[in-house]
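Descriptive analysis of the structure
Single-letter residue listing:
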Amino acid sequence: MTFKVKRILLMATILIAAVGVTIMLGKMKPPPETRDREDLDLLVETMPIEAGTFSFSITSQGIVRPRTETIMSAEVSGAIVNMSPKFVAGGVFAADEVLMRIDAANYTVAVEQAEAFLKQRQIEFDGAKSLQERGYRAEAELASAAAALATANAELVRAKRNLDRTVIRLPYAGMVRAKEVDLGQYVTIGSRLGVAFATAIAEVRLPLTNSDLAFVDLPAPGIATSPASTAGPKVTLVAEYRGRHATWPAFITRTEGVVDERSRVTYVVARIDDPYGLQTTDDSLPPLPMGTFVTAQIEGRTVTDAIRVPRYALRGNSELMFVDSEDRLRIQAVDVLRMEDGYAYIAKGVEEGDRISLTAIESPVNGMPVRVEETSDEQRIVAEEFRQ
């Protein structure tokens, strides 16, 4: 036997011995512990459903505008000879306060002439009547004198009216929005003098959608509520005033009764009494200037036996995922009354005591088994704040 053959036999012997030792060691090792396979179901958060009574509020926006606004125009011609210091933009005036005067010299003369002419016609009528009674004048002559007297009287009325029109005043307490003439300026009939508005009442036009109208008790079209009336829903107006948020009370006084053809909304009108606070000594409310953009919270209807769930619990806009007594998922359509402030309010399709899943599931299947983790009220509030 050659050396080469001996070497090959030795290597084969060593390899066989190593395999044998490995097999022996493997048989000596205890078998691994076996466990039954456990399929873990999806863990979901649930909350029980409870019925309650809820009051809704409708949010809208608008611009504060005066209810009464006047474009003042001259009714007679002449130079402006006197102007109130209050007749400036932002000036506040009382009812029937004189704001300006137009030169009345010519109109005073016209009144005196009309008075003299009337006296003359009165004398002529009295004379014609006396002669007619004695048979010296015909009935036609008396009628002519009476017509001349009536004409003279009408001329006097017209002259006095023109004289009164030289004094510019308004029948309400208000504020000047714009001044368009000044002292010494000559104006003609129809010339614009300025713009003013009443400060007693302001209004805000608020657009409401069809879904909003279902939750607001509005006055019937054409009916306006009085300040003492409770027919109109209460409104809270919110705006920024001097760098801080302020609120003002108001109420719905009427609806315009038509639907806007382009936006498909219905406008209601909210009324604010004494927006500038000129008629009260209460300093708790700041003034509400005209032109202010406000957000309105309108008092809506109260609904009983409704279910409130977090809005994020809805699938789409009308489905909820229920967890039945056997901890299986059940997807069901519900009747959503309204969505507001992160909540959805349900009218039909749910019963008190049902459990709904708050966990978002990518591809839920009816009958899917789940593991349930009840969510406390505190945990749910924290989760809702986090999601918002």
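This text follows the structure it describes.
Worth saying up front: this structure is predicted, and the values here are computed from it rather than measured.

Our focus in this paragraph is the environment of A159. Structurally, A159 can be placed in helix 3 (residues 139-164). Residue classification places A159 among the buried residues on the basis of a relative accessible area of 8%. Taking the C-alpha atoms as reference, A159 lies 9.0 Å from Q113; in sequence the two are 46 residues apart. Once residues within four sequence positions are removed from consideration, A159 is found in contact with Y107, A110, V111 and A114.

Even without being a glycine, R242 presents a positive backbone phi close to 55°. Even without being glycine, D305 reaches a positive phi, approximately 55°.

Further remarks concern the packing of aromatic side chains. For the coordinates displayed, the defined rule picks out five aromatic pairs. Between F54 and Y345, the aromatic rings sit 5.2 Å apart at their centres with planes inclined by 65°, giving edge-to-face as the arrangement. Linking F54 in strand 2 (residues 51-66) with Y345 in strand 19 (residues 343-348), this pair joins segments that are 291 residues apart in sequence. Comparing F54 with Y345, the two get one shared label, buried.

Turning our attention to the pattern of salt bridges. According to the stated counting rule, one finds 15 salt bridges in the structure shown. Put simply, E203 and R254 hold a salt bridge, and the shortest N to O gap is 2.8 Å. Within this pair, whereas E203 is found in strand 11 (residues 201-208), its partner R254 is found in strand 13 (residues 244-259), the two being separated by 51 residues in sequence. Under the relative-accessibility criterion, E203 is labelled buried at 11%. By relative accessible area, R254 is classed as partly exposed at 30%.

This part is about the layout of surface pockets. Each pocket or cavity is described by its volume, and for the second largest pocket that value is around 220 Å³. As for the second largest pocket, its lining consists of 14 residues, and the residues nearest its centre are D273, D274, G277, T280 and L285. Of all elements in the fold, only strand 13 and strand 14 (266-273) reach the threshold of two or more residues within the lining of the second largest pocket. Among the residues forming the lining of the second largest pocket, the class breakdown is eight nonpolar, two polar and four charged.

Strand order in this open sheet of four strands is 3-10-8-5, and the pairing throughout is antiparallel. Every interior strand has two partners, whereas the edge strands, strand 3 (69-73) and strand 5 (92-93), have only one.

Moving on: the sheet that holds strand 6 (residues 100-102). The strands that make up a sheet pair up through hydrogen bonds in the backbone, lying either parallel or antiparallel. An order of 7-6-4-9 is seen for the four strands of this open sheet, with the pairing classed as antiparallel. Unpaired on one side and paired on the other, strand 7 (167-168) and strand 9 (186-187) mark the two borders of the sheet. Bridge analysis of strand 6 against strand 7 gives two bridges, and the strand direction is antiparallel. Across the sheet, residue R101 finds its bridge partner in strand 7, namely V167.

What follows concerns the nonpolar core. One finds L206, V235, L237 and I298 to be the most contacted residues of the largest nonpolar core, which totals 32 residues. The leading source of residues in this core is strand 15 (residues 293-310), at five residues. If sequence neighbours within four positions are ignored, L237 has contacts with V204, A246, T247, W248, A250, I272, L288, V294, T295 and A296. V76, L99, I168 and Y172 belong to the second largest nonpolar core, which has 20 residues in total.

Conventions we followed
- Residues numbered from 1 in each chain as written.
- Predicted model: local features only at pLDDT ≥ 70, side-chain atom pairs only at ≥ 80, totals over all residues.
- Heavy atoms only, no water.
- Helix = DSSP H or I, 4+ residues; strand = E, 2+ residues; numbered from the N terminus.
- Buried < 20%, exposed > 50% of the residue type's maximum accessible area, 1.4 Å probe, protein only.
- Contact = heavy atoms within 4.5 Å.
- Phe/Tyr/Trp six-rings, centres within 6.5 Å; stacked < 30°, edge-to-face > 60°.
- Salt bridge = Lys/Arg side-chain N within 4 Å of Asp/Glu carboxyl O.
- 1 Å grid on protein atoms, 1.4 Å probe; cavity = no way out; pocket = protein on both sides within 12 Å on 5 of 7 lines; lining within 4 Å.
- Points joined across faces, edges and corners; volume = space filled by probe spheres on them.
- Nonpolar A, V, L, I, M, F, W, Y, C, P; charged D, E, K, R; others polar.
- Pairing = 2+ DSSP bridges.
- Core = buried A, V, L, I, M, F, W, Y, C linked by side-chain atoms within 4.5 Å.

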